[in-house]
Amino acid sequence: MTNEHNLPQRARYYHALLANHMLVVGEDYHNLKDSYVIFLCNFDLFTIMLKCSY
């Protein structure tokens, strides 16, 4: 994986894909199961994020 400076957005996207398949129409959101998205990176995301100003 290369650093494309969009990892938080990608994590959100993949997490949404997982959640999308956990519920059927009209089902309560409390029925969502815990899920995790894990990225293995060859760069230190947290150091990069600390240097960014939002």
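Residues numbered from 1 in each chain as written. Predicted model: local features only at pLDDT ≥ 70, side-chain atom pairs only at ≥ 80, totals over all residues. Heavy atoms only, no water.

Asker: Summarise the side chain of serine 35; cite the residues concerned and give the values.
Answerer: Take serine 35: it is sitting in the loop between α1 (7-20) and α2 (45-51). Taking the relative accessible area as the measure of exposure, serine 35 reaches 19% and is therefore buried. Side-chain polar atoms of serine 35 contact the side chain of histidine 15, separated by 2.9 Å. In this structure serine 35 touches His15, Leu18 and Met22, once residues within four positions along its chain are discounted. (Helix = DSSP H or I, 4+ residues; strand = E, 2+ residues; numbered from the N terminus. Buried < 20%, exposed > 50% of the residue type's maximum accessible area, 1.4 Å probe, protein only. Polar contact = N/O pair within 3.5 Å; in protein donor to acceptor, adjacent residues only side chain to side chain. Contact = heavy atoms within 4.5 Å.)

Asker: How would you sum up the packing of aromatic side chains? Please name residues and give values.
Answerer: Inspection of the entire model under this criterion finds one aromatic pair. Residues tyrosine 13 and tyrosine 14 carry aromatic rings whose centres are separated by 5.3 Å and whose planes lie at 70 degrees to one another, so their mutual orientation is edge-to-face. On the basis of relative accessibility, which here comes to 35%, the residue tyrosine 14 falls in the partly exposed class. (Phe/Tyr/Trp six-rings, centres within 6.5 Å; stacked < 30°, edge-to-face > 60°.)

Asker: If you had to explain the environment of glutamate 27 to someone new, which residues and values would you point to?
Answerer: Tracing the sequence through the fold places glutamate 27 in the loop between α1 and α2. Only 3.2 Å separates the side chain of glutamate 27 from the side chain of asparagine 31, close enough to count as a polar contact.

Geometric descriptors of this kind do not, in isolation, establish any biological role.
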